[in-house]
Amino acid sequence: MCTACDETYKIFTIELVTKDPVNTNMELFKEIAHRLFQNKVISNININNNKVYHVDGKQIFGFDIHLGNPKNPLTVTLANVEKALEGLVDQFDDYSEMQIKLS
């Protein structure tokens, strides 16, 4: 968790298995933000700490999302984030096996 401008953000790490090396994918980030706003989980989002690495022969694209909702902070939960992003990888051919963790 971090605090900025009198707002508390929860930090989540998202990891996706990728076919090709990826450092940034703005379409993926836009879709993540859209789903979280649409499901009224957040009012603010920051994405950072992009990284690509290998685990067990799989190529992983990972990044952190800092999520905040000053009007209703109780909506920023792992369960709500997972529900909002359910099926996300189905929209992108290059990704599979999404994992979301609370940092």
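Colleague: Before we move on, could you go through the environment of K19 and cite the residues and values that matter?
Modeller: Inspection of the secondary structure assignment puts K19 in the loop between β2 (7–18) and α1 (26–38). As for K19 and I60, which are separated by 41 residues in sequence, their C-alpha atoms are 8.9 Å apart. If we ignore the near neighbours within four places in the chain, the residues touching K19 are Q59, D93 and D94. Looking at K19, its side chain comes within polar contact range of the main-chain oxygen of D93, at 3.2 Å.

Colleague: Report on the packing of aromatic side chains, specifying residues and quantitative values.
Modeller: Aromatic ring pairs: the centre-centre distance and the angle between the two ring planes describe each pair. Per the stated rule, a full pass over the model turns up 5 aromatic pairs. Their ring planes at 70 degrees and their centres at 5.0 Å tell us that F29 and F63 sit as a pair that is edge-to-face. With F29 in helix α1 and F63 in strand β4 (residues 58–68), this residue pair connects regions lying 34 residues apart in the sequence. F63 carries the same exposure label as F29, and that label is buried. Each ring, one from F61 and one from Y95, has its centre 6.4 Å from the other, and the planes form 25 degrees; the classification is stacked.

Colleague: Help me get a handle on the side chain of D64, residues and values and all.
Modeller: Position of D64 among the secondary structure elements: in strand β4. Buried charge without a salt bridge: D64, with K51 as the nearest opposite-charge side chain at an N-O distance of 4.0 Å.

Colleague: A description of the environment of L36 should follow, citing residues and the corresponding values.
Modeller: Inspection of the secondary structure assignment puts L36 in helix α1. With a relative accessible area of 0%, L36 lands in the buried category. Residues L36 and N80 lie 44 residues apart in sequence; the distance between their C-alpha atoms is 8.6 Å. Setting aside its immediate chain neighbours within four residues, L36 contacts V41, I42, I45, I65, L67, V81, A84 and L85.

Cut-off values and rules
Along each chain, residues carry numbers from 1 onward, in the same order as the chain's sequence is written. Only residues with pLDDT of at least 70 are given local features in this predicted model, and only at 80 or more are side-chain atom pairs given and counted; all residues enter the totals for whole chains, interfaces and linings. With hydrogens and water stripped out, all remaining heavy atoms of the structure feed into the side-chain values. Put simply, DSSP marks the helices as runs of H or I at least four residues long and the strands as runs of E at least two long, and each gets a number from the N terminus on. It only takes one pair of heavy atoms within 4.5 Å for two residues to be counted as in contact. Two N or O atoms form a polar contact when they lie within 3.5 Å of each other; inside protein one atom must be a possible hydrogen donor and the other a possible acceptor, and for residues adjacent in sequence the pair counts only when both atoms belong to side chains. Put simply, two rings from Phe, Tyr or Trp (the six-membered ring, in Trp's case) pair if the centres are within 6.5 Å, and we call them stacked under 30 degrees between planes, edge-to-face over 60, tilted for the rest. Accessibility here uses a 1.4 Å probe with only protein chains present; expressed as a share of the type maximum, an area under 20% marks a residue as buried, one over 50% as exposed, and anything in between as partly exposed. Only four residue types enter the tally: Lys and Arg on the positive side, Asp and Glu on the negative side, with His and both chain ends excluded. A pair is scored as a salt bridge if a Lys or Arg side-chain nitrogen falls within 4 Å of a carboxyl oxygen belonging to Asp or Glu.

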